[in-house]
Amino acid sequence: MNAQGVSRIAIIGAGNMGHQITALCAMNGLRTTCTDISGEILKKAEDFFRSYIEGRVVKGKLSTEEGARAVASARFVEDMGEAVADADYVIEAAVEALEVKRNIFAELDRITPPHAILATNSSRIVSSRIADATKRPAQVCNLHFFNPALVMKLVEVVRGPHCSEETVATSFDLCQRLGKIPVLLEKEVDGFLLNRMLGALLREALWLHDMGIATFEDIDKACVHGAGYPMGPFRLMDLTGIDLEYLIRMEAFQNSGDRAELPSPGVIERFLKGDYGQKTGRGWYDYAKAVK
């Protein structure tokens, strides 16, 4: 199978990444089904999708006909079996927890068509840690979109040692079909390309803050007005989710036992309060206010 043979996509997880990838696929002519274990999250995803498409039509970014086709191309269903029954390609966008992903992939292997490629949108868990939960490891890969997926052009395609050339080529071509710019990692590495580089910046920024050397606001200002970044690391953390940073760091610590991998005190404090960033209205910044 090549990318042109992919006509039906299933998205597992209707959260921030899942519902954006759903919209992206539907707008590019793919029959797309999104599913989630939470009916409430699924309903929010569908409401976002319809509102987003309507907004694109109003702004003239999509014609009325294109908007109608996109809406007709997307379904939101609670039953995962129904969502993936005829899928050619599945993108998992669930929580960043290895055992959760392994359980999902084991179930996907059982209920998807034999030809379907199973991809994870994980931002750091390599697919070789998931593939052996299936009987089709050659058809399992990383396909990492960046947040916000509807805006960010970059997608990382990772060639795991188990991946077939067909899986890699189909995934790469699919990204281009979706209007994205894919990059290929020839070998697996934790965190992939961009997040490894951003991670080094984030660790230093958190250390500077935790040591009381500078406020998070001033660290962000330094990155934006000195290094030319579009946003600083703390604002970016609020966008992607402080809970995600916490879970990633805890996963790294559990794998290595190295206390240096533990989350920053500032991250732990906000995680325990439920202040995850933009999605909760407060993180490093207060989004109840007009923050510049």
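Residues numbered from 1 in each chain as written. Predicted model: local features only at pLDDT ≥ 70, side-chain atom pairs only at ≥ 80, totals over all residues. Heavy atoms only, no water.

Participant: Any chance you could explain the overall build of the protein chain here in plain terms?
Facilitator: Within the protein chain one finds eleven helices and eight strands. The C-alpha radius of gyration of the protein chain comes to 19 Å, within 12% of the 19 Å expected for a compact globule of 292 residues. Projected onto its principal axes, the C-alpha coordinates of the protein chain cover approximately 55 × 45 × 35 Å. Sequence-distant contacts, at least 24 apart, represent 65% of the contacts inside the protein chain between residues at least 6 apart. Here the protein chain has roughly 14,100 Å² of accessible surface; of this, 55% comes from carbon and sulfur atoms. The protein chain carries 34 positive and 39 negative side-chain charges, and their two centres are separated by 3 Å. (Helix = DSSP H or I, 4+ residues; strand = E, 2+ residues; numbered from the N terminus. Rg over C-alpha atoms; globule rule 2.2 N^0.38 Å. Contact = heavy atoms within 4.5 Å. Areas by Shrake-Rupley, 256 points an atom, 1.4 Å probe, with all protein chains shown as cover. Lys, Arg positive; Asp, Glu negative; His and termini not counted. Charge placed at Lys NZ, Arg CZ, Asp CG, Glu CD.)

Participant: Explain the nonpolar core to me, please; I cannot follow it from the model alone.
Facilitator: The nonpolar side chains of soluble globular proteins are, as a tendency, buried together. In terms of nonpolar packing, the biggest core is built from 36 residues, with Ile9, Tyr89, Leu143 and Phe145 touching the most fellow members. Here the element with the most residues in this core is helix α1 (residues 16–27); it accounts for six residues. Once you skip the residues sitting within four places of it in the chain, Ile9 turns out to touch Cys25, Leu30, Arg31, Thr32, Thr33, Tyr89 and Leu174. Ala10, Ile12, Val77 and Phe105 belong to the second-largest nonpolar core, a separate cluster that totals 18 residues. (Core = buried A, V, L, I, M, F, W, Y, C linked by side-chain atoms within 4.5 Å. Buried < 20%, exposed > 50% of the residue type's maximum accessible area, 1.4 Å probe, protein only.)

Participant: In this structure, what is going on with the packing of aromatic side chains? I would like to understand it.
Facilitator: One pair of aromatic rings is described through two measures. These are the centre distance and the angle between the planes. Under the criterion given, the structure shown has eight aromatic pairs. Taking the centre distance of 5.7 Å and the plane angle of 20 degrees together, the rings of Phe48 and Tyr52 count as stacked. Here Phe48 and its partner Tyr52 are both found in helix α2 (residues 39–58), four residues apart, which amounts to about one turn of the helix. These aromatic residues form a ring-pair network of at least three members: Phe216, Phe234, Trp284 and Tyr285. Arg235 extends its terminal NZ or CZ atom over the ring of Tyr285, reaching a point 3.8 Å from the ring centre. (Phe/Tyr/Trp six-rings, centres within 6.5 Å; stacked < 30°, edge-to-face > 60°. Lys NZ or Arg CZ within 6 Å of the ring centre and 35° of its normal.)

Participant: What's the story with the pattern of salt bridges in this structure? I'm lost.
Facilitator: Close approach of charged atoms allows side chains with opposite charge to pair. Counted according to the given criterion, the structure contains 19 salt bridges. With its nearest N and O atoms 2.7 Å apart, the salt bridge here joins Glu107 to Arg110. Residue Glu107 and its partner Arg110 are both found in helix α5 (residues 98–111); the two are separated by three residues, about one turn of the helix. A residue is classified by how much of its surface remains accessible, and Arg110, at 61% relative accessible area, is exposed. With a closest N to O distance of 3.3 Å, Asp286 and Arg282 form a salt bridge. For Arg282, a relative accessible area of 41% corresponds to the partly exposed category. Sharing partners across several salt bridges, the network here consists of Glu92, Glu96 and Lys101. (Salt bridge = Lys/Arg side-chain N within 4 Å of Asp/Glu carboxyl O.)

Participant: I would appreciate a short explanation of the side chain of Ser73 in the present structure.
Facilitator: Secondary-structure assignment places Ser73 in helix α3 (residues 64–73). Beyond its immediate chain neighbours, meaning those up to four positions away, Ser73 contacts Ala26, Leu30, Arg31 and Thr32.

Participant: Can you walk me through unusual backbone geometry in this structure?
Facilitator: Peptide bonds are trans in most cases, and residues, glycine excluded, mostly fall at negative phi. For the bond from Asn147 to Pro148, the omega torsion is 0 degrees, close enough to zero to count as cis. The topology assignment puts Pro148 in the loop between β6 (140–145) and β7 (154–158). Its identity is not glycine, yet Phe192 carries a phi of approximately 60 degrees, on the positive side. Counting through the fold element by element, Phe192 comes out in the loop between β8 (181–185) and α7 (194–210).

Participant: In this structure, what is going on with the packing of α2 against α3? I would like to understand it.
Facilitator: Two quantities define a packed helix pair, namely the angle between the helix axes and the distance between the axes. For the pair α2 and α3, interaxial distance at closest approach is 9 Å and the crossing angle is 165 degrees. Taken together, the axes of α2 and α3 lie roughly antiparallel to each other. The crossing of α2 and α3 is right-handed. Contacts between α2 and α3 pair Phe49, Arg50, Ile53 and Val57 from the former with Thr64, Gly67, Ala70 and Val71 from the latter. (Axes fitted to C-alpha atoms, helices over the stretch in contact; angles between N-to-C directions. Parallel < 35°, antiparallel > 145°, perpendicular 65-115°, else oblique. Left-handed = near helix turned anticlockwise from the far one by under 90°.)

Honestly, it's all geometry; don't read function into it.
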